[in-house]
Amino acid sequence: MKVAALTMTLIAALMIMPAIAQNDGNQPARKQYIDAAISQGIFQKVIVPADLPHVWVTPLFNSVAFELKQNLVAMVYQYYRLGEKPNLALVIVKDSKTGKQIGKYTPAGGLDLD
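Bear in mind the structure is a predicted one, so any value in this text is a computation, not a measurement. (Residues numbered from 1 in each chain as written. Predicted model: local features only at pLDDT ≥ 70, side-chain atom pairs only at ≥ 80, totals over all residues. Heavy atoms only, no water.)

Trainee: Lay out the overall build of the chain with the relevant residues and their values.
Mentor: A count of helices and strands for the chain gives four helices and five strands. Mapped in sequence order, the helices and strands of the chain form the string α-α-β-β-α-α-β-β-β. Every one of the 114 residues in the chain was classed for burial, and the buried ones make up 45%. Counting contacts in the chain only where the partners sit at least 6 residues apart, residues at least 24 apart contribute 52% of the total. Carbon together with sulfur atoms contributes 57% to the accessible area of the chain, which is approximately 6000 Å² in total. (Helix = DSSP H or I, 4+ residues; strand = E, 2+ residues; numbered from the N terminus. Buried < 20%, exposed > 50% of the residue type's maximum accessible area, 1.4 Å probe, protein only. Contact = heavy atoms within 4.5 Å. Areas by Shrake-Rupley, 256 points an atom, 1.4 Å probe, with all protein chains shown as cover.)

This is the structure:
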C-alpha cells in the first residue's frame, strides 16, 4: 500500500510539532514537511490566492488516518497563516481531481471535511 511509503520522520514530526508562533524558528521545518507531503503524493499543491491558503489533496490523503490528515493541514495553516490576520484563520481543502472544496481547517474547529 502506498501509505506505507510515508516516511516515519514525516509522520512523527507532524504528530509532535506543536502549534506555535511562526517566528519560533520552525518555519523551515514546516516547509520541509509540506514539501514532503507533496513529493509523497498526499498533497498535489498548496497555493495562497488572495489571503487564504488552499491545499489540493490527493486520493492518498483520503486513505490516511484522520489525525494525520488534520496534522498535515494544520501544518499548512501554521506555515502560511499563524500569527497573521486572525480573522482569516482558515485553510481551504480541495480535491485534486475535481478542484472542488471538500473541507476546511480552522485552529478553533480543526479539520472539517465534507
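Trainee: How would you sum up the environment of Val64? Please name residues and give values.
Mentor: With respect to the element layout, Val64 can be found in the loop between helix 3 (59-63) and helix 4 (66-80). The exposure class assigned to Val64 is buried, which follows from its relative accessible area of 8%.

Trainee: Which residues make up the packing of aromatic side chains, and what values do they have?
Mentor: Here the distance between the centres and the angle between the planes together describe a pair of aromatic rings. This structure, assessed with the given rule, holds three aromatic pairs. Measuring from ring centre to ring centre gives 5.8 Å for Tyr77 and Tyr105, while their planes differ by 50°; the resulting arrangement is tilted. Of this pair, Tyr77 sits in helix 4 while Tyr105 sits in strand 4 (residues 101-106), and the two are 28 residues apart along the sequence. Here Tyr77 matches Tyr105 in class, with each residue buried. Taken together, a centroid distance of 4.7 Å and an interplanar angle of 85° make the contact between Tyr79 and Tyr80 edge-to-face. Of the residues examined, Tyr79 reaches a relative accessible area of 22% and is grouped as partly exposed. The side chain of Lys45 reaches across the aromatic face of Trp56, ending 4.5 Å from its centre. (Phe/Tyr/Trp six-rings, centres within 6.5 Å; stacked < 30°, edge-to-face > 60°. Lys NZ or Arg CZ within 6 Å of the ring centre and 35° of its normal.)

Trainee: Kindly report on the nonpolar core, identifying the contributing residues and their values.
Mentor: Within the largest apolar cluster, 24 residues are counted, with the highest numbers of intra-cluster contacts made by Phe43 and Phe61. Those elements that place two or more of their residues in this core are helix 2 (27-39), strand 1 (43-47), strand 2 (54-57), helix 3, helix 4 and strand 3 (91-95). With seven residues, helix 4 is the largest single contributor of residues to this core. Once you skip the residues sitting within four places of it in the chain, Phe61 turns out to touch Ile42, Phe43, Lys69, Leu72, Val73, Leu111 and Leu113. (Core = buried A, V, L, I, M, F, W, Y, C linked by side-chain atoms within 4.5 Å.)

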